[in-house]
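Summary of the model geometry
This is what each chain is made of:
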Amino acid sequence: VVLWQILTRSEPFPEYTEYDEFVKAVCNRKERPKFPEPNLAVDIHNDPATHPTPERLRRLIEWCWQQDRKKRPNFGEIVEWLDRILIDCAIPSDQEGRLLWENNFLKQETVLWDDCFEEVFYDHIDEGIPDELPSSSSHDDNNSYLTYEDNESILNNGLNSTLNGSNLNASNINGVKGKKRVEWEVIAHRALRVLLTTNSGEGLTVSVERFGQILNWFGPLVKNRDEENGNNEFLERLVRLLMKEWFHGDIETSEATRRLVSQTPGTFLVRFSNDIQHPGCYTISKVTRGGTVVHHRCWYKIGVGFGGVVKDETYDTLEDLVDHYKDQLGLKFACKGSKYSNLAS
């Protein structure tokens, strides 16, 4: 019953005010609290309050309130189920993502990128881990590539990093002048790493919560390849969006406002929505004609697409949505300064 209360954030049996009647209902008539049914009209917005109850959580609750106490689980069994239920809750929208974590990292909330997650992830999608660019000790004399170390420094040192006095940006996917093109697989590898990992004392780590968030925004996790270019479809979605100059990813509303407040009207950026009540959503932040910064939430649902600007209108990609509404919303100039702008350099 406590689990049911946590799930629904409701009081059980509100219809009973008399204790004797309540006892008869539970003990004699075997009544139990009812599970919430999904509101399909609202569920398209990925609101967790309207999602159906995770199946394993429902089964555990029903198991625990069996009328015959001998049929109820012991605490060892409950803990084992909870380990799997926590994965269901952290990764609600992607079955393949849940299987990946459950089959490889059960009982672990975080794992190391280099020692664990990277290899498991690429094995799961039937792809090989791409080789990064040569290190500074092995690249050729004319420095025809930016090194792995160069790129990490650029990513970590903020928005206006430069190399040899030249600004690097996502608009030049073939690399800065005089540098060879970075392969797509390397860009995808960098995109995946920068989105998923946190730098802890032990190294780069991936949490099940963050993995679930990324799958909410970019899922489903698939092995399929894009028909046009042969790239993995999941990684292709990551790269395509992160290479957009207007996409700024993980920034708070206050930071989005700070970046836009002094910009020309019509300047805009797109970011992950930081409203935990709406997983899988994005926010379009823009400067109005009057110079104020406003924010529009749009949603993404696996199997449905992107929407939220006009009711019942959906689009296959976020890029399609932005392009379709750019005139209506006054989206004219991409706000520069995305931390992803050097992934292709």
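Here the structure is a predicted model, which means the values were calculated and not measured.

**Let's talk about unusual backbone geometry**
With an omega of 10°, the peptide bond running from glycine 219 to proline 220 counts as cis. Mapped onto the secondary structure, proline 220 falls in the loop between helix 10 (208–218) and helix 11 (233–242). Even without glycine at this site, arginine 9 takes up a positive phi of about 55°. Here arginine 9 lies in the loop between helix 1 (2–8) and helix 2 (19–28).

**A few points about the sheet that holds strand 5 (residues 203–207)**
The strand order 1-5-4 describes an open sheet built from three strands, whose pairing is antiparallel. Since the sheet does not close on itself, it has two edges, and those belong to strand 1 (110–112) and strand 4 (197–200), each with one partner. On average, each strand axis in the sheet is inclined to that of its neighbour by 40°, with strand direction left out of account. In this sheet, strand 5 lies alongside strand 4 in antiparallel orientation, the contact comprising four bridges. Note that in strand 5 the partner of threonine 197 across the bridge is valine 206. Sheet strands touched by helix 9 (residues 184–196): strand 4 and strand 5. Its angle to strand 4, the strand with the most contacts, is close to 60°.

**Let's talk about the confidence of the model for the protein**
Here the protein shows a mean pLDDT of 83. Residues at 70 or above account for 81%. The spread of mean pLDDT over the elements of the protein runs between strand 2 (residues 162–163), the lowest at 32, and strand 7 (residues 267–272), the highest at 98. The low-confidence segment residues 40–50 (pLDDT under 50) makes 25 contacts with residues lying over four places distant or belonging to another chain. In the predicted structure, residues 134–180 sits below a pLDDT of 50 and forms 61 contacts with residues beyond four places in sequence or in another chain.

What counts, and at which threshold
Residues numbered from 1 in each chain as written. Predicted model: local features only at pLDDT ≥ 70, side-chain atom pairs only at ≥ 80, totals over all residues. Heavy atoms only, no water. Helix = DSSP H or I, 4+ residues; strand = E, 2+ residues; numbered from the N terminus. Pairing = 2+ DSSP bridges. Axes fitted to C-alpha atoms, helices over the stretch in contact; angles between N-to-C directions. Contact = heavy atoms within 4.5 Å. pLDDT = per-residue confidence, 0-100.

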